Amino acid sequence: MFPLQRDRRLRTNESIRSLVRETSLSPQDFMLPMFVAEGKDVKIPIASMPGIYRHSLNHTVAEVKEAWDLGIRAVNLYVKVSENLKDNTGKEAWNKDGLMQQTIKAIKDAVPEMIVMPDVALDPYSIYGHDGIIEKGYVVNDATVDALTRMSLSHAEAGADFVAPSDMMDGRVLAIRKALEQNGHHNVGIMSYSAKYASAFYGPFREALDSAPVDAQEIPKDKKTYQMDYANRIEAIKEALHDVEEGADIVMVKPGIAYLDIVREVKNAVNVPVSVYHVSGEYAMIKAAAERGWLDHDKIMIEQLYCIKRAGASIISTYFAKEAAALLNK
Ligand code: PBG
């Protein structure tokens, strides 16, 4: 008999393909990252991220409603505050009337069921554009963790469902979990950016928030003393296991497409949901190639999102969330 196996039999038509498909993709798999701006009625386009804006509160709330109607059930929030609110302590980060805290409240008032996950890191509040406090040219760990803990508590008090530390300091998940428990926020979850690599794919995001490390003497030019080396794999498992032990409810791998081996390894190593951040540079690459007519935008978008899920992601944070949801809902 030849051939021994006809593997193509299961690919004969779309009906059989849909019956044997191993991975599914739906709007509930997505989280929408959103950039929030100060001021009234502000809508600032991000040049390297076509279709993405920095929105003031009114537009942010409108977009959250739109996302909800498309089937999206979580948003990740990032704020841009004015320079005069920045310093080396990040104290604006836990101002109970700060931009993030106001945003959390406004979203929870307007769409109470939307899961709101504010970003926890000092970079939007740091005059140096770093995720922590700088002493003698180094981002110090434990003092930064104290700041992140205060920040997380203020997010919980504003009504956040989850806090999402993206800073990569050691011990922050444990410190945040303890503080949440001690203050009665038992059901506020932690999604930890566990395996976050020092990546050039974050370029457009730093443009969106104007948050790149500043070029000054004694200030580290990159984030390599806290974010991971992209040459490393085993270290990602170590980071994820530490975060689960410290109380993370969800662990994240970031960026996405170039790191799917890490997603699979982390998925196999932990017993909590794994999320993946399909980051700004990945979005920009697809938009740029599609603008030139070099790639089919919608097909590439859906393919990449499927591949991230196939690799082991339960949740995908992606700037494509609304577009992909609209397409999947058709
Ligand atoms: C900073 C932060 C970054 C991103 C999310 N949180 C940038 C950085 O680490 O410099 C990047 C996300 C993206 O590129 O879409 N805490």
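Residues numbered from 1 in each chain as written. Predicted model: local features only at pLDDT ≥ 70, side-chain atom pairs only at ≥ 80, totals over all residues.

Asks: Can you break down the overall build of the protein residue by residue, with the values?
Replies: When helices and strands are tallied, the protein shows 11 helices and 12 strands. Radius of gyration (C-alpha) of the protein: 20 Å, near the 20 Å computed for a compact globule of 330 residues. Seen through its principal axes, the protein has C-alpha atoms that stretch 75 × 45 × 40 Å. A buried classification covers 46% of the 330 residues belonging to the protein. (Helix = DSSP H or I, 4+ residues; strand = E, 2+ residues; numbered from the N terminus. Rg over C-alpha atoms; globule rule 2.2 N^0.38 Å. Buried ≥ 20, exposed ≤ 12 C-beta atoms within 10 Å, placed from the backbone.)

Asks: Any chance you could break down the environment of C307 for me, citing the residues and the numbers?
Replies: You can see C307 is positioned in helix α10 (residues 297-311). For the pair C307 and N329, spaced 22 residues apart in the sequence, the C-alpha separation amounts to 19 Å.

Asks: With reference to specific residues and values, describe the UniProt feature "binding site: Mg(2+)" (unreviewed entry) in the protein.
Replies: Sites flagged by UniProt as "binding site: Mg(2+)" (unreviewed entry) map to E239. Checked against the element boundaries, E239 lands in helix α7 (residues 234-246). With sequence-adjacent residues up to four places away left out, E239 is seen in contact with S194 and A195. (UniProt positions renumbered as here; feature names shortened; annotations may be inferred. Contact = placed C-beta atoms within 7 Å.)

Asks: Give me the lowdown on the UniProt feature "active site" (unreviewed entry) in the protein, citing residues and values where you can.
Replies: UniProt records the feature "active site" (unreviewed entry) at K196 and K254, using the numbering of this structure. For the residues just named, distributed over 59 residues, the greatest C-alpha separation is only 4.9 Å, placing them together at one site. Tracing the backbone through its elements, the reader meets K196 in strand β9 (residues 189-196). Judged by local crowding, K196 falls into the buried class, with 27 C-beta atoms found within 10 Å.

Asks: So what's going on with the packing of α10 against helix α11 (residues 321-329)? Which residues, and what values?
Replies: At a minimum axis separation of 11 Å, α10 and α11 run at an interaxial angle of 95 degrees. On the basis of the axis angle, α10 is roughly perpendicular to α11. Within the contact between the two elements, α10 uses D298, M301, I302 and L305 and α11 uses E323, A324 and L327. Grouping the amino acids of the contact of α10 with α11 by side-chain chemistry returns five nonpolar, no polar and two charged. (Axes fitted to C-alpha atoms, helices over the stretch in contact; angles between N-to-C directions. Parallel < 35°, antiparallel > 145°, perpendicular 65-115°, else oblique. Nonpolar A, V, L, I, M, F, W, Y, C, P; charged D, E, K, R; others polar.)

Asks: So what about the environment of P50? Which residues, and what values?
Replies: Looking at the secondary structure, you find P50 in the loop between β2 (43-45) and β3 (53-55). Sequence spacing of P50 and Y283 is 233 residues, and the spatial spacing of their C-alpha atoms is 8.9 Å.

Asks: If you had to explain the confidence of the model for the protein to someone new, which residues and values would you point to?
Replies: The predicted coordinates ought not to be read in detail in places where the model reports low pLDDT. Per-residue confidence for the protein gives a mean pLDDT of 97, with 100% of residues at or over 70. As scored by the predictor, the complex reaches a pTM of 0.97 and an ipTM of 0.98. (pLDDT = per-residue confidence, 0-100.)

Asks: Requested: an account of the pairing of strand β12 (residues 315-318), with residues and values cited.
Replies: Residues I315 and S317 of β12 are buried on one face, and the alternating residues I316 and T318, pointing to the opposite face, are buried as well. Relative to β12, strand β1 (residues 30-37) runs parallel, the two being bridged by two bridges. Bridge pairing links M31 to S317 in β12. In this sheet, β12 lies alongside strand β11 (residues 274-278) in parallel orientation, the contact comprising four bridges. Of the residues in β12, the one forming a bridge with Y277 is S317. (Pairing = 2+ DSSP bridges.)

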